[in-house]
Amino acid sequence: MVAETMVVWDESLLGYDLGEHPLDPVRVELTMALARELGVLNRPGVRLVVPPPADDAALTRVHRADYLDAVRAAPYDPFFSGYGIGTADNPAFERMHEASALIAGATLTAAEAVWRGEVRRAVNIAGGLHHAMPGRAAGFCVYNDPAVAIARLLDLGAERVAYVDIDVHHGDGVQEIFYDDPRVLTVSIHETPLALFPGTGFPDETGGPGAPGSAVNLPLPPGVEDSAWLRAFHAVVPSVLRAFRPQILITQCGADSHRSDPLADLRLSVDGQRAAHLALRDLAEELCDGRWVATGGGGYALVEVVPRAWTHLLATVTGQPLDPATATPNAWRKLARKRRPGDEVPLRMTDGCDVAYRPWQPEGEPGSVDRAVLATRMAAFPLFGLDPHDPRD
């Protein structure tokens, strides 16, 4: 019997549109078009669900009521300032509250369905707005949809929720919101905050006084490629998740770790990103009886990277991963050229990269990536009863 998967989607999710801005909704449109052309959305057991917006009760579980008022008012007040709105990163736009609440509602719908056993996995590609803070917009994000969904899971009785963030930027908003809550583990693997927004996510950020070990951060130096990134991931993430024993896994799968992304400096390929999705799937199967909620996130190579990376994510969530050698369909190439004239349109679902990696070992003269791994293990592993020097942990 095919395990049912929920894909939360409606074209109205494209209404989260910041205008002339790096976070262009075309990345989501082209992802869903590519997944549809490749048959991913028509697989047996896949349910497409139109989401309702998150209501104020759900949003105020993580955001302040005065902030919601500001989000509603800002687009219609030419003199509005404050709350992080009206900046280059977070310009006000028409129906900003409605568009943001709909994205939060989509992730909320996905999480509720998985927790209640209606489906084993669910995905909201338009979600992953992980920088939004309780009282301000930040990093292109207005409402923090992963945090809204996690708060609902806690209200429904979840005792251990794991959030893993593989966006190139630190998942600071989700971390801050649950920093003192031992029921939530936030794990973020990202480019070093010494080089990249938001300037947080150091290894010594390990949770608040009431929840030591509630946060794990793995910052990596610029230039890291697939093999080193995957070595670092596997040296930290499985161990802390196994120690935490989550009941459900929430992931933010930003595609901006790719070597072609214009806003960051990691060097992953689409093949490496696909390997990360498969690793997250396997961890959900091992630890959570398959309960997995996936979201999108960042990604600014709008044609070359994001649609392929997230179509691989959709394929992994909905069942059989796509063969990397698969050709992109002609109809999708035509749409991509129409939407983004002048952008390079990829012909296959692969960058042709080998994703083999060497497992982490503590001995020898470690390079910068292995030093980063050791720093994270030294800071976080003892809080889980793990030996930072033992590669078996």
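Small disclaimer: the values here were computed from a predicted structure and weren't measured.

K.L.:
Would you explain the overall build of the protein in this entry?
P.N.:
The helix and strand tally for the protein stands at 11 helices and 8 strands. Here the protein has a C-alpha radius of gyration of 19 Å; the compact-globule value for 393 residues is 21 Å, and the two agree. Seen along its three principal axes, the alpha-carbon backbone of the protein occupies a region of about 55 × 50 × 45 Å. For the protein, buried positions account for 60% of its 393 residues. By sequence separation, contacts in the protein at least 24 residues apart represent 76% of the contacts at least 6 residues apart.

K.L.:
What is the right way to read the packing of aromatic side chains from this model?
P.N.:
The geometry of an aromatic ring pair is captured by two quantities: the separation of the ring centres and the angle between the planes. Under the defined criterion, the tally for this structure stands at 6 aromatic pairs. Seen from their ring centres, tyrosine 16 and phenylalanine 93 are 5.6 Å apart, and the 80° between their planes marks the pair as edge-to-face. One end of the pair, tyrosine 16, is in the loop between strand 1 (5–8) and helix 1 (26–37); the other, phenylalanine 93, is in the loop between helix 3 (65–73) and helix 4 (96–115), and 77 residues separate them in sequence. A single burial state applies to tyrosine 16 and to phenylalanine 93, both of which are buried. Here the aromatic rings of phenylalanine 80 and tyrosine 83 are separated by 6.4 Å at their centres, their planes lie at 25°, and the arrangement is stacked. An aromatic cluster is defined as three or more aromatic residues linked by ring pairs; in this entry it consists of Tyr67, Phe80, Tyr83 and Tyr143.

K.L.:
Would you take a moment to explain empty space enclosed by the protein for this structure?
P.N.:
Going through the model one piece at a time under the given rule, you end up with 2 cavities of 30 Å³ or more. The space that makes up the largest cavity amounts to roughly 50 Å³. If you trace the largest cavity, you find it lined by Leu13, Leu14, Tyr16, Leu23, Pro25, Arg27, Val28, Ile103, Ala126 and Leu129. The wall of the second largest cavity is formed by Ile166, Cys253, Gly254, Ala255, Gln273, His277, Ala309 and Trp310.

K.L.:
I'm lost on the nonpolar core in this one. Help?
P.N.:
Here is a general trend for soluble globular proteins: nonpolar side chains tend to be buried in one another's company. Within the largest apolar cluster, 134 residues are counted, with the highest numbers of intra-cluster contacts made by Tyr16, Ile166, Leu220, Trp229 and Phe233. Ranked by residue count, the leading element in this core is helix 4, at 12 residues. Filtering out sequence-adjacent residues up to four positions away, phenylalanine 233 remains in contact with Ile166, Ile189, Leu218, Pro238, Ala279, Leu280 and Leu283.

K.L.:
I'm lost on the side chain of threonine 186 in this one. Help?
P.N.:
Inspection of the secondary structure assignment puts threonine 186 in strand 5 (residues 184–191). Overall, threonine 186 belongs to the buried group, its relative accessible area being 5%. Residues in contact with threonine 186, not counting those within four places in the same chain, are Tyr163, Val174, Gln175, Ser214, Ala215 and Val216.

K.L.:
Is there a simple way to explain the sheet that holds strand 2 (residues 46–49) in this structure?
P.N.:
Pairing between sheet strands relies on hydrogen bonds along the backbone, with the strands arranged either parallel or antiparallel. With respect to topology, 8 strands assemble into an open sheet ordered 2-1-3-8-7-4-5-6, the strand pairing being parallel. Where the open sheet ends on each side, the last strands, each with one partner, are strand 2 and strand 6 (215–220). Across the sheet, the axes of successive neighbouring strands diverge by a mean angle of 15°, strand direction being ignored. Across 5 bridges, strand 4 (residues 161–165) lies against strand 5 in parallel orientation. Looking at the pairing, tyrosine 163 lines up with threonine 186 of strand 5. The sheet contacts of helix 5 (residues 145–155) involve strand 3 (121–124), strand 4, strand 5, strand 7 (248–252) and strand 8 (292–295), and relative to strand 4 the element is tilted by about 170°.

K.L.:
Explain the layout of surface pockets to me, please; I cannot follow it from the model alone.
P.N.:
Any empty space left between the atoms is revealed when a probe the size of a water molecule rolls over them. Taken as a whole, the largest pocket encloses approximately 180 Å³ of empty space. Forming the walls of the largest pocket are 19 residues, and the residues nearest its centre are His131, Gly139, Phe140, His169 and Tyr300. Its residues assigned to classes, the lining of the largest pocket shows 8 nonpolar, 8 polar and 3 charged.

K.L.:
How do you make sense of the environment of valine 184 when you look at a structure like this?
P.N.:
Looking at the element boundaries, valine 184 is found in strand 5. For valine 184, a relative accessible area of 0% puts it in the buried group. Along the primary structure valine 184 and glutamate 159 are separated by 25 residues, whereas in three dimensions their C-alpha atoms are 8.0 Å apart. Discounting chain neighbours no more than four positions away, the residues touching valine 184 are Ile150, Leu154, Val161, Phe178, Ser214 and Phe244.

K.L.:
Is there a simple way to think about the side chain of glutamate 191 in this case?
P.N.:
Residue position: glutamate 191 is located in strand 5. The buried charged residue glutamate 191 lacks any salt bridge partner; its closest oppositely charged side chain belongs to arginine 267, at an N-O distance of 10 Å. At a separation of 2.9 Å, a polar atom in the side chain of glutamate 191 contacts the main-chain amide nitrogen of aspartate 265. Discounting chain neighbours no more than four positions away, the residues touching glutamate 191 are Val168, Leu196, Leu220, Pro222, Ala264, Asp265 and Leu266.

K.L.:
Would you mind going over helix 4 with me for this structure?
P.N.:
Since the α-helix packs 3.6 residues into each turn, any two residues three or four apart lie on the same face. Its 20 residues place the ends of helix 4 29 Å apart at the C-alpha level, agreeing with the 28 Å of an ideal helix rising 1.5 Å per residue. Most of helix 4 is tucked away: 18 of the 20 residues are buried. Directly beyond the C-terminal end of helix 4, a positive phi value near 80° is found at glycine 117.

K.L.:
Explain the packing of helix 7 (residues 226–244) against helix 11 (residues 368–380) to me, please; I cannot follow it from the model alone.
P.N.:
A packed helix pair is summarised by two numbers, namely the angle formed by the two axes and the spacing between the axes. One can describe the packing of helix 7 onto helix 11 by two numbers: an axis separation of 10 Å at closest approach and a directional angle of 15°. With respect to their mutual orientation, helix 7 and helix 11 come out roughly parallel. Of the two possible hands of crossing, helix 7 and helix 11 adopt the one that is right-handed. Contacts between helix 7 and helix 11 involve Ala228, Arg231, Ala232, Ala235 and Val236 from the former and Val369, Asp370, Val373, Thr376 and Arg377 from the latter. Looking at side-chain class alone, the contact of helix 7 with helix 11 contains 6 nonpolar, 1 polar and 3 charged residues.

K.L.:
Honestly, the environment of aspartate 89 in this entry has me stumped. Any pointers?
P.N.:
Here aspartate 89 is to be found in the loop between helix 3 and helix 4. Residue aspartate 89 is classed as partly exposed on the basis of its relative accessible area of 33%. Note: C-alpha distance between aspartate 89 and proline 22 (67 residues apart in sequence) is 9.0 Å. Excluding residues within four positions of it along the chain, aspartate 89 makes contact with Leu18, His21, Gly139 and Phe140.

Calculation rules
Residues numbered from 1 in each chain as written. Predicted model: local features only at pLDDT ≥ 70, side-chain atom pairs only at ≥ 80, totals over all residues. Heavy atoms only, no water. Helix = DSSP H or I, 4+ residues; strand = E, 2+ residues; numbered from the N terminus. Rg over C-alpha atoms; globule rule 2.2 N^0.38 Å. Buried < 20%, exposed > 50% of the residue type's maximum accessible area, 1.4 Å probe, protein only. Contact = heavy atoms within 4.5 Å. Phe/Tyr/Trp six-rings, centres within 6.5 Å; stacked < 30°, edge-to-face > 60°. 1 Å grid on protein atoms, 1.4 Å probe; cavity = no way out; pocket = protein on both sides within 12 Å on 5 of 7 lines; lining within 4 Å. Points joined across faces, edges and corners; volume = space filled by probe spheres on them. Core = buried A, V, L, I, M, F, W, Y, C linked by side-chain atoms within 4.5 Å. Pairing = 2+ DSSP bridges. Axes fitted to C-alpha atoms, helices over the stretch in contact; angles between N-to-C directions. Nonpolar A, V, L, I, M, F, W, Y, C, P; charged D, E, K, R; others polar. Lys, Arg positive; Asp, Glu negative; His and termini not counted. Salt bridge = Lys/Arg side-chain N within 4 Å of Asp/Glu carboxyl O. Polar contact = N/O pair within 3.5 Å; in protein donor to acceptor, adjacent residues only side chain to side chain. Expected span 1.5 Å × (residues − 1). Parallel < 35°, antiparallel > 145°, perpendicular 65-115°, else oblique. Left-handed = near helix turned anticlockwise from the far one by under 90°.

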